[in-house]
Structures are given as structure tokens and as C-alpha cells.
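Observations on the three-dimensional arrangement
Given next are the chains, with one letter for each unit.
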Amino acid sequence: MKVIFIKDMKGQGKKGQVKEVSEGYAQNFLLPRGIVRLATEGNMKTLDNQKAAEERLKQEEKAEAEVLAKKLEAEVTELKAKAGEGGRLFGAITSKQIAEALAKKGLKIDKRKIELNDPIRTLGVTQVIVKVHPEVKATLKVQVTEE
């Protein structure tokens, strides 16, 4: 019997997958628990429509991420910090501080999306990679000036 999985089921199938299972297993276990639907023509069309809608949504998210990436690359984020001789900072600039500075400018970026291997410890301009979307990365310029 052909069924469409509505929920993930370990060892059997993932959501949206069409699979052949035994009739007794489907009738007695999968259908009563709401894990699957029968693979009728109408249900198959509904599944195709859902997949198309999800794909469109992913494309829209990626397009929005690319627009945000262009804004970030055009932006120079300025942060002030206390520094000693030779341009070394007393503290460090972290991804949290960069995210807060971007939030003040109206760009909402999660601090975990800012890829900063080590905190910034010197004055000047630093290139920081921001992972806006799984497929889109932007390079942000962070300028640290002395207070």
C-alpha cells in the first residue's frame, strides 16, 4: 500500500516521502496514529503543492538574505573602545558588540551569525564574515576607533 508520510518516523520514512508499506501495518499502526496519509491522487497533488510552496519560500528567504548581504557590505560599522600604546585595545570587540551596533542602525543580525574567530583587539578596520543565510555570506567592515 502506498502512503505519504505526514510526520518523520525513525526507520520508516521522513515527512513528505511516498513509500510502499504493508497494508496491515498502514491500517493498524500508521493511519490511526496520524503518521501517514493514503497516497491518493488528491493527496499527491496536495503534497506537490506543499513542496512547491516550500521551495518558493526558500527562494524568497534567499533573495531577502542577498539584499541584506548587499546592505551589510556597503555598511561600515564604527565602534569605540579604549586603547593603549600601539593601537592595542584594553578589552576586545566581540560579536555581541558588533550585533548591538548593527541593531542601532536597524539591521537585525544574531550574534551567532557573525563569524569572528578571535575578538578584535586592535584599532583600525577589520573584515568580518556574517552568515546571513546558509548559502549567503556577507563581508562586514568593522572600524574600531579610540575613545
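All of these numbers come straight from a predicted model, not from anything done at the bench.

**Concerning the domain arrangement of the protein chain**
When the parts of a complex come together, some accessible area is lost, and that lost area is often used as the size of the interface. Here the protein chain is described as being made up of domain 1 (2-63) and domain 2 (76-146). The C-alpha centroid of domain 2 is placed 44 Å from the C-alpha centroid of domain 1.

**Observations regarding the UniProt feature "domain: Ribosomal protein L9" (unreviewed entry) in the protein chain**
With numbering aligned to this structure, UniProt lists the feature "domain: Ribosomal protein L9" (unreviewed entry) at residues 1-47. Along residues 1-47 one finds 32% helix and 21% strand; the C-alpha atoms at either end are 17 Å apart.

**Regarding the layout of surface pockets**
Estimates place the volume of the largest pocket at around 230 Å³. Lining the largest pocket, in full, are I4, F5, I6, K15, G16, R37, N43, T46, L47, Q50, K51 and E54. Mapped onto the lining of the largest pocket, the elements with two or more residues apiece are strand 1 (2-5) and helix 2 (41-74). The leading source of residues in the lining of the largest pocket is helix 2, at six residues. Its residues placed into classes, the lining of the largest pocket shows four nonpolar, four polar and four charged.

**Quick notes on the UniProt feature "domain: Large ribosomal subunit protein bL9 C-terminal" (unreviewed entry) in the protein chain**
Following the UniProt record, one finds the feature "domain: Large ribosomal subunit protein bL9 C-terminal" (unreviewed entry) at residues 63-145. Secondary structure within residues 63-145 divides into 27% helix and 45% strand; the distance between the first and last C-alpha atoms comes to 34 Å.

**As for the pairing of strand 9 (residues 136-146)**
Taken together, the six bridges between strand 4 (residues 76-81) and strand 9 define a ladder with parallel strand orientation. The residue bridging L79 from the neighbouring strand is V144, located in strand 9. With nine bridges connecting them, strand 8 (residues 124-133) and strand 9 associate as antiparallel partners. Following the sheet pairing, V130 is matched in strand 9 by A138. Counted along the chain from strand 8 to the antiparallel partner strand 9, the turn is two residues long.

Thresholds, definitions, all that
- Numbers given to residues run from 1 along each chain, matching the order in which its sequence is written.
- Restriction of local features to residues with pLDDT of at least 70 applies here, the model being predicted, together with a cutoff of 80 or more for giving and counting side-chain atom pairs; totals for whole chains, interfaces and linings are based on all residues.
- Each side-chain value is worked out from all heavy atoms of the structure, with water and hydrogens disregarded.
- Source of the domain bounds: an automatic or database domain assignment.
- UniProt positions are given in the numbering used here, feature names are shortened, and annotations may be inferred rather than shown by experiment.
- Working definition: helices are DSSP H or I runs of at least four residues, strands are E runs of at least two. Numbering for both runs from the N terminus.
- Buriedness of a pocket was judged along seven lines, with at least five required to meet protein on both sides within 12 Å; pockets are open sets of points on a 1 Å grid over the protein atoms alone, cavities are sets where a 1.4 Å probe fits but cannot get out, and lining residues have an atom within 4 Å of a point.
- Grid points are joined across faces, edges and corners, and a volume is the space filled by probe spheres set on the points.
- Residues are grouped as follows: Ala, Val, Leu, Ile, Met, Phe, Trp, Tyr, Cys and Pro are nonpolar; Asp, Glu, Lys and Arg are charged; all remaining types, including Gly, are polar.
- Note on pairing: DSSP must find at least two bridges between two strands before they are called paired.

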